[in-house]
Amino acid sequence: MKIDLNSDMGEGFGPYRLCDDEAMMKIVSSANIACGVHGGDPETMARMVRLAKENGVGIGAHPGLPDRAGFGRREMPFQPDELRQQMLYQLGALTAIARSEGMTVGHFSFHAAMGNMVNRDPALADLMMNAIAAVDPRLVVFVTPDSEIERAAKRAKLRTLALFLADRAYDAAGRLVSRGLPGALVKDEASVRARVRRFLTDGTVEAIDGTALKMPARSVLVHSDTPGSLELAQIIRNEIEASGASLAPAAELAS
């Protein structure tokens, strides 16, 4: 069995670094690269693409809302087509930089509030997925299982790959617990190890209320801005390999 391990990367800008991207790139199989809006900038994007190329890591676009101070986690009142253009602008930028470095953008992953806005509106999800398909119908879209984005991507005939967020808590309905609530962020090594081991063993995860949730995912995400993310990513990789599975980029696993 093959599993993707991915992280949101290149989310600093200028001289400011959010995490040790160079070290993280040696652990993951896919990198979701910030596209210069909620985080990142042209130089950082190019650096991420080059690091991915050096390490054999698949690259994906990670667009977010233009709210650098809020790290793209605050919703903004864009009209549907405005949000579509915000997304396309970012996807196009990374695509051009990647091609100039001899790389191909293989997957797509919404960042934070942009993804939340799309995921609760079927019409908006269709608009966004059809736009992605028009740019590159080969792109793989990262999704949460049984979500509006997943359904819209399939209607647009895009391949999808379901995500398990190792460092975020889920509620009993399978939704992410809001970051403002206690326990939403899972950052201690023992908890992350146990969650990943359970996911790999029986395909379930324990919700914040103790409920056992089915987790039909083939990709594990650790956020680079989670405290101790580098250590957590190495723990996840170790657990994947100890289970007998091997790592593979998202573009190789999607259906």
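This one's a predicted model, so the numbers in the text were calculated from it and none came from an experiment.

A. Structural context of the pairing of strand β6 (residues 159-165). With six of seven residues buried, β6 lies mostly within the body of the structure. Read from strand β5 (residues 140-143) through helix α6 (residues 148-155) to β6, the crossover connection turns out right-handed. Relative to strand β9 (residues 219-221), β6 runs parallel, the two being bridged by three bridges. Considered in β9, the bridge of Leu165 is made with Leu221.

B. Representation of the pairing of strand β3 (residues 58-62) within the structure. Within β3, five of the five residues are buried, leaving the element largely enclosed by the surrounding structure. On β3, burial covers both faces: Gly58, Gly60 and His62 on one face and Ile59 and Ala61 on the other are all buried. Since strand β2 (residues 30-34) and β3 lie parallel, the crossover through helix α2 (residues 42-55) that links them has a hand, and here it is right-handed. The pairing of β3 with strand β4 (residues 105-108) spans three bridges and is parallel. Within β4, the position partnered with Ala61 by the bridge is Phe108. With respect to chirality, the unit in which β3 leads through helix α3 (residues 80-100) into the neighbouring parallel β4 is right-handed.

C. Spatial organisation of the pattern of salt bridges. Going through the model one piece at a time under the given rule, you end up with 17 salt bridges. With a closest N to O distance of 2.7 Å, Arg47 and Glu22 form a salt bridge. Note that Arg47 is positioned in helix α2 and Glu22 in helix α1 (residues 21-24), a separation of 25 residues in sequence. Linking Arg155 and Asp126 is a salt bridge whose minimum nitrogen-to-oxygen distance equals 2.9 Å. You can see Arg155 sitting in helix α6 and its partner Asp126 sitting in helix α5 (residues 122-135), a full 29 residues away along the chain. A relative accessible area of 44% places Arg155 in the partly exposed class. Asp126 sits in the partly exposed class, given a relative accessible area of 24%. In this structure, a network of salt bridges that share partners links the residues Arg17, Glu22 and Arg47.

Criteria and thresholds
- Residues numbered from 1 in each chain as written.
- Predicted model: local features only at pLDDT ≥ 70, side-chain atom pairs only at ≥ 80, totals over all residues.
- Heavy atoms only, no water.
- Buried < 20%, exposed > 50% of the residue type's maximum accessible area, 1.4 Å probe, protein only.
- Helix = DSSP H or I, 4+ residues; strand = E, 2+ residues; numbered from the N terminus.
- Right-handed = clockwise from strand over helix to strand, strands pointing away.
- Pairing = 2+ DSSP bridges.
- Salt bridge = Lys/Arg side-chain N within 4 Å of Asp/Glu carboxyl O.

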